[in-house]
Amino acid sequence: MTEHVVVVRAAAPPEARRRTHGWLALLRPWAFPFVLLGLYEAYARRAAALGSEALAPPSAALKALATAAADGSLWQATGFTLGTAAIGLLLGAVLGVSLGIALGLSRRAARLSLLSIEVLRPVPSVALIPLAMLMFGFGVRMELAIVAFATFWPMLILVQSAVQQVEPRLLEVSRVLGLSARQRAWKIVLPAVVPRLFVALRLGVAVALVVAVTVEIAANPNGMGYAMMIAQQSFDPALMLGWLGWIGGVGFVINAAMLRLQRAVARRMGAAP
Amino acid sequence: MNERLGDWLGSVGVLAALVAMWWVASSAGWVSRVFLPTPQATLASLAEGLNLGGGGNGELLSFTLATVSRMLLGWLLASLFGVLLGAAIGVSPGVRAWVQPTLEFIRPLPASALLPLAISIFGLNPAMVLFVVAFGAMWPVLLATVHGFAAVEPRLSEVARCLQMPRAAFVWKIGLPNAMPDILAGMRLSMTISLIVAVVGEMIASQSGLGQAILLAARAFRASELFAGIVLLGLIGFTSNALLSIAEKKLLRWQQP
């Protein structure tokens, strides 16, 4: 996916938070979703009583999710999606980071490859779903290929710009010391870009998750996205809603964890968050 | 100047070398032609589909138009509602404190995950796909607007209060201009999402467009048509992105010192 690098700062302004105190402030983030869910519950119960096959109340969705957790299908599908997203991200990240470092170190190489990158990058990753289907068939490999393609570009661009912003004096020092290109990459550049590397990694994780679920919804008969599609096609709105909530929850937890990790790394490496 | 020309030529040369590698790999049969057609075959499929030579069926052209209009309409709706809702939420610190955590929770949800829900509510029709495109693409704009409003310089808010500026004037004269860079960045991201969701929607809801076309081409093992579709989708992504970044530069010129 040709994600642009938009760092939307997530935090609410601190002064707004500090004004209310104690348990009320802790509860506040939950109030709005609970009111919404409550309204929806009431509405969906009435719709279900009238025989709707599209809507299910959240309580039924929770129950369906609990059943899926008990029979193991929940964990199996979640494991598939997360595992594939992780390996695909690893592939995309290794390629993206190494090419990004190379292009970041050599302005000439960066200028020469600019056009090719700008031509290939905007290809939407989902456009490759049919191609991957043709090449690999259904299964892990097609999803890996697409996740790797989608995460490659943001990693490449972010790492390249991170390397270009490495203090030039450090590179001069390495030249004076007569370090080889490989030593320069390992000893000077990599440590200098670690904080930004984790910013790129956080974005990569978000992209990988979204793309993995999308591939499963569009084509690949595995994982959470497919489980949700099947629930829809077998007219099980409760299970489908359960999956939707689960996918959202898993995505939120992983993204929040990555944000914490990135901030912790930035603090330790002494860079501005 | 001369150096820049040299770089540009070199850049074109690298791209040409990549295409040449593609040509060699496919012509020599290193990679099976079942999934890697030759560049000429891809071009021929493009020419036929777009009816360039006059003898084609022009099918790809209508698919492209369908996808582009779906993407643009969804994006416009997303931008409109994103800015409106974002301004409504962002203008009041109270509302922001209550609602923003929920928005942050929904943000990482893949837009395409809403497709099954939308299918069961609206059925398989173009309006359903458009709804999901608009809904999925709305989040970056909405959150960027909220963030832009939250980041208004406190002194400006004080000035507005001293002048007893009505809320609408505050939104129009201080909030929106302040949020503009964030909104434009969000709109760029949302254009990308629009294209992706439009393609996925066409694939699973069988709406006519490039998404459906490439899926059918792959199922029928017509690799050259598949590649023609991918090339067109890449072109759409490239063009929309380039146009938006030009627009962004023009619109934000006043910010430059």
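These figures come from a predicted structure and were not determined experimentally.

Before going further, it helps to examine the packing of aromatic side chains. Evaluated as defined, the whole model comprises 8 aromatic pairs over all chains. Here the aromatic rings of Phe 152 of chain A and Trp 153 of chain A are separated by 4.8 Å at their centres, their planes lie at 75°, and the arrangement is edge-to-face. Like Phe 152 of chain A, the residue Trp 153 of chain A is buried in the burial classification. Ring plane angle 25° and centroid distance 5.8 Å describe the contact between Phe 131 of chain B and Phe 135 of chain B, whose orientation is recorded as stacked. In this pair, Phe 131 of chain B and Phe 135 of chain B are both assigned in helix H6 (residues 126–150), 4 residues apart and thus about one turn of the helix distant. Taking relative accessible area as the criterion, Phe 131 of chain B reaches 40% and is therefore assigned partly exposed. Through a chain of ring-to-ring contacts, three or more aromatic side chains come together here, namely Phe 122, Phe 131, Phe 135 and Trp 139 of chain B.

If you trace the backbone, Thr 214 of chain A turns up in helix H9 (residues 181–218). Among the residues examined, Thr 214 of chain A registers a relative accessible area of 3% and is labelled buried. Among the polar contacts made by the side chain of Thr 214 of chain A, one reaches the side chain of Ser 112 of chain B at a distance of 2.7 Å. Contacts of Thr 214 of chain A, omitting those with residues within four sequence positions, involve Val 126 of chain A together with Ser 112 and Val 200 of chain B.

By the secondary structure assignment, Gly 38 of chain A is in helix H2 (residues 22–49). On the basis of relative accessible area, Gly 38 of chain A is assigned to the partly exposed category, the value being 37%.

As a further point, take the domain arrangement of chain B. Taken as a whole, chain B is organised into domain 1 (1–32) and domain 2 (51–255). For domain 1 of chain B and domain 2 of chain B, the distance between their C-alpha centres works out to 33 Å.

Glancing now at helix H6 (residues 129–136) of chain A. By the criterion of burial, H6 of chain A is predominantly enclosed, with 6 of the 8 residues buried. Among the residues making up H6 of chain A, those that are buried are Ile 129, Pro 130, Leu 131, Ala 132, Met 133 and Leu 134 of chain A. Residues of H6 of chain A that are buried in the fold lie against helix H7 (140–164) and H9 of chain A together with helix H8 (167–205), helix H9 (210–219) and helix H10 (223–251) of chain B.

Turning our eyes to something else, we now look at the confidence of the model for chain A. Taken over all residues, the pLDDT of chain A has a mean of 85, while the share at 70 or more is 89%. In the predicted structure, residues 1–18 of chain A sits below a pLDDT of 50 and forms 34 contacts with residues beyond four places in sequence or in another chain.

This part takes up the interface of chain A and chain B. Taken together, the contact pairs 53 residues of chain A with 57 residues of chain B. Asp 7 of chain B is the salt-bridge partner of Arg 111 of chain A, the closest N and O atoms lying 2.6 Å from each other. Here chain A and chain B share 4 residue pairs in polar contact (both at pLDDT 80 or more) between them. The leading source of residues in the side of chain A that touches chain B is helix H11 (residues 237–268) of chain A, at 9 residues. Grouping the amino acids of the side of chain A that touches chain B by side-chain chemistry returns 39 nonpolar, 9 polar and 5 charged.

All names here are of chain A. One can describe the packing of helix H4 (residues 73–105) onto H9 by two numbers: an axis separation of 8 Å at closest approach and a directional angle of 140°. On the basis of the axis angle, H4 is oblique to H9. Considering only the axes of H4 and H9, their crossing is right-handed. Here H4 contributes Phe 80, Thr 81, Leu 82, Ala 85, Leu 89, Val 97, Ile 101 and Leu 105 to the contact with H9, which in turn contributes Ala 185, Val 189, Leu 190, Leu 197, Leu 201, Gly 204, Val 205, Ala 208, Leu 209, Ala 212, Val 213 and Glu 216.

Residue and element names in this part refer to chain B. Following both chains from N to C, one finds helix H3 (residues 59–90) and H8 inclined at 145°, their axes separated by 8 Å at the closest point. Seen along the crossing, H3 lies across H8 with a hand that is right-handed. Here H3 contributes Ala 66, Thr 67, Arg 70, Met 71, Leu 72, Gly 74, Trp 75, Ser 79, Val 83 and Ala 87 to the contact with H8, which in turn contributes Val 171, Leu 176, Ile 183, Met 187, Ser 190, Met 191, Ser 194, Leu 195, Ala 198 and Glu 202. Classifying every residue of the contact of H3 with H8 by side-chain character gives 13 nonpolar, 5 polar and 2 charged.

Reading guide: rules and limits
Sequence order as written defines the numbering, with residues in each chain counted from 1. Each chain is given a letter, starting from A, and each ligand a number, starting from 1, according to the order in which they appear as written. Local features are withheld for residues below a pLDDT of 70 in this predicted model, meaning they are given only at 70 or higher, and side-chain atom pairs are given and counted only at 80 or more; totals for whole chains, interfaces and linings count all residues. Hydrogens are left out, water is left out, and the side-chain values use all remaining heavy atoms of the structure. Any two rings among Phe, Tyr and Trp, with Trp reduced to its six-membered ring, count as a pair given centres within 6.5 Å; such a pair is stacked if its planes are under 30 degrees apart, edge-to-face if over 60, and tilted if neither. Residue exposure (1.4 Å probe, protein chains only): buried if accessible area is under 20% of the type maximum, exposed if over 50%, otherwise partly exposed. In DSSP terms, a helix is any run of H or I states spanning at least four residues, a strand is any run of E spanning at least two, and both are numbered starting from the N terminus. Residues adjacent in sequence count toward polar contacts only when both atoms are side-chain atoms; beyond that, a polar contact is any pair of N or O atoms within 3.5 Å, and within protein one must be able to donate a hydrogen and the other to accept it. Throughout, a contact is declared for two residues whenever any of their heavy atoms are within 4.5 Å. How far each domain reaches was decided by an automatic or database domain assignment. Confidence scores here are pLDDT values: one per residue, from the predictor, ranging 0 to 100. Whenever a carboxyl oxygen of Asp or Glu lies within 4 Å of a side-chain nitrogen of Lys or Arg, that contact is scored as a salt bridge. Note on residue categories: nonpolar means Ala, Val, Leu, Ile, Met, Phe, Trp, Tyr, Cys or Pro, charged means Asp, Glu, Lys or Arg, and polar means any other residue, Gly included. Helix axes are fitted to C-alpha atoms over the stretch in contact, other axes to C-alpha atoms as well, and angles between N-to-C directions run from 0 to 180 degrees. Roughly parallel refers to an angle under 35 degrees, roughly antiparallel to one over 145, roughly perpendicular to one between 65 and 115, and oblique to any angle outside these ranges. Crossing handedness: left-handed means the near helix sits turned counterclockwise from the far one by under a right angle, and right-handed means the same turn made clockwise.

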